[in-house]
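Coordinates in review
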Amino acid sequence: MPNQATRKIPATLIPGDGIGPEIMHATVRVLTALDAPFEWEEVMGGMAAVARQGDPLPKETMDSIRRTRLALKGPLTTPVGGGYRSVNVRLREEFELYANLRPVRTIVPGGRYEDVDIVLVRENTEGFYVGFEHFIPIKGDPHAVAIGSGVNTREGCRRVAEFAFDYAVKNNRKNVTCVHKANILKALTGLFLEEVRECFKRYSDRITLDDRIIDACAMQLVLDPTKFDVILTTNLFGDILSDLIAGLVGGLGLAPGGNIGTEAAIFEAVHGSAPDIAGKGVANPTALLLAAAMMLDYVGESTKARVLRDAVDGVIRDDKVRTRDLGGKASTLEYTDALMRRIEAAAPARA
Ligand code: NAD
């Protein structure tokens, strides 16, 4: 990592589709005010890239991430039909982004729960997401039988388990809950549980481990999410549970995510391109802003990350400046202006 004082960190910036450019503009404005060290390489992705270059992930976009190994990505619309593979799956595979980190915590008071603070670590490259599927035709019905297989490898389970345990230790978390369905999918998720337990032996002096079956976990999360700390789970279960926990704290507008591998990391909002509100100036940029805070943590700028999170909390909780999805009336611009005021006020504390 370059010297803290002088460093500039090259990073790829993909504004994305739909509300992407609006929330990315707000985020870059805030990062600039924070004096974040990123030196942006702006490249295209999604529908804009399809229109210009016939590919939602053109070569220059991939080349940029190969160079920088670090990206902030707006949501990309996945083109329907036309044989395009999911952009997100392609990125995860290409850069081996095997851990998907999704933290959620209560920001808006007065919801169903006040003290939710959960970090979900989802395996990002294996399980049922490998897409090994086919149909068996019977008596003229080409889709009479559908077959889908999942793949988990010991190595894949080990590396994501180590990621989750390392994250828990580094961030002063106390407990990791492994979520699985090893009572039914005995091989596929049984291997995951087995390897998580094996790996845990090297961390048992610092954190605790328990485990839940996915269905019981879903119910317990709804009944009392404060019982959970770090959740470690497989690809499909993680996909479902991360939306569930986002719903516990006010929805997708507040949920950031990081796709992290050994060599590269891509940060983004969990939500999509929201075509229904694109161009109206009402999108909530908080999820992308919190993803940017994760990116600051990733490069060792945790003070700036904290200032950013404190500003978000202050604007939403105390100033009560909120976008429509949170029941407020503020436009994207008004909300961002309120954040800028908080960040400028915090400037002496950062110096
Ligand atoms: P979506 O997340 O875009 O929208 C779901 C609902 O949430 C919409 O009503 C939308 O207006 C609202 N919403 C989402 N983000 C918001 C924000 N920041 N502020 C205020 N409201 C917000 O999901 P979708 O409609 O199913 O998907 C739209 C497109 O996005 C699809 O093409 C999908 O493939 C793509 N997508 C991309 C990503 C990604 O790039 N990471 C993730 C999910 C979906």
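My aim in this report is to walk through the structure given alongside it, one point at a time. (Residues numbered from 1 in each chain as written. Predicted model: local features only at pLDDT ≥ 70, side-chain atom pairs only at ≥ 80, totals over all residues. Heavy atoms only, no water.)

Observations concerning the packing of aromatic side chains
- Scanning all chains against the criterion turns up 4 aromatic pairs.
- Taken together, a centroid distance of 5.2 Å and an interplanar angle of 40° make the contact between Phe38 and Trp40 tilted.
- One aromatic cluster is present, formed by Phe165, Phe200 and Tyr203 through successive ring pairs.
- Above the ring of Tyr129, the side-chain terminus of Arg122 is found at 5.0 Å from the ring centroid. (Phe/Tyr/Trp six-rings, centres within 6.5 Å; stacked < 30°, edge-to-face > 60°. Lys NZ or Arg CZ within 6 Å of the ring centre and 35° of its normal.)

Examining the site of the ligand
- Around the ligand, the surrounding shell holds 20 residues, and the nearest of these are Leu76, Gly272, Ala274, Asp276 and Asn284.
- At a separation of 3.1 Å, an oxygen atom of the ligand approaches a polar backbone atom of Ser273.
- Look at the ligand: alone it shows 830 Å² of surface, and the protein chains cover 67% of it.
- Among the residues making up the shell around the ligand, the classes are represented as 9 nonpolar, 7 polar and 4 charged. (Near = heavy atom within 4 Å. Polar contact = N/O pair within 3.5 Å; in protein donor to acceptor, adjacent residues only side chain to side chain. Areas by Shrake-Rupley, 256 points an atom, 1.4 Å probe, with all protein chains shown as cover. Nonpolar A, V, L, I, M, F, W, Y, C, P; charged D, E, K, R; others polar.)

As for the packing of helix α5 (residues 154–170) against helix α6 (residues 188–200)
- Where α5 meets α6, the axes come as close as 9 Å, and the angle between the chain directions of the two elements is 50°. In terms of orientation, α5 and α6 fall into the oblique class. Crossing handedness for the pair α5 and α6: right-handed. Taking contact as the criterion, the partners of Arg154, Cys157, Arg158, Val160, Ala161, Glu162 and Phe165 in α5 are, on α6, Leu191, Phe192, Glu194, Glu195, Val196, Cys199 and Phe200.
- Tallied by class, residues from the contact of α5 with α6 come to 9 nonpolar, no polar and 5 charged. (Axes fitted to C-alpha atoms, helices over the stretch in contact; angles between N-to-C directions. Helix = DSSP H or I, 4+ residues; strand = E, 2+ residues; numbered from the N terminus. Parallel < 35°, antiparallel > 145°, perpendicular 65-115°, else oblique. Left-handed = near helix turned anticlockwise from the far one by under 90°. Contact = heavy atoms within 4.5 Å.)

Remarks on the nonpolar core
- Among the nonpolar cores identified, the biggest contains 71 residues, and Phe38, Leu70, Phe165, Leu232, Phe267, Leu308 and Tyr335 are the most heavily contacted of them.
- Looking at which element gives the most residues to this core, the answer is helix α9 (residues 286–298), with 9 residues.
- Setting aside its immediate chain neighbours within four residues, Leu308 contacts Val30, Leu34, Leu289, Ala292, Ala293 and Leu296.
- Leu120, Val179, Cys217 and Phe237 belong to the second-largest nonpolar core, a separate cluster that totals 16 residues. (Core = buried A, V, L, I, M, F, W, Y, C linked by side-chain atoms within 4.5 Å. Buried < 20%, exposed > 50% of the residue type's maximum accessible area, 1.4 Å probe, protein only.)

Purely geometric stuff here, so don't read any function into it on its own.
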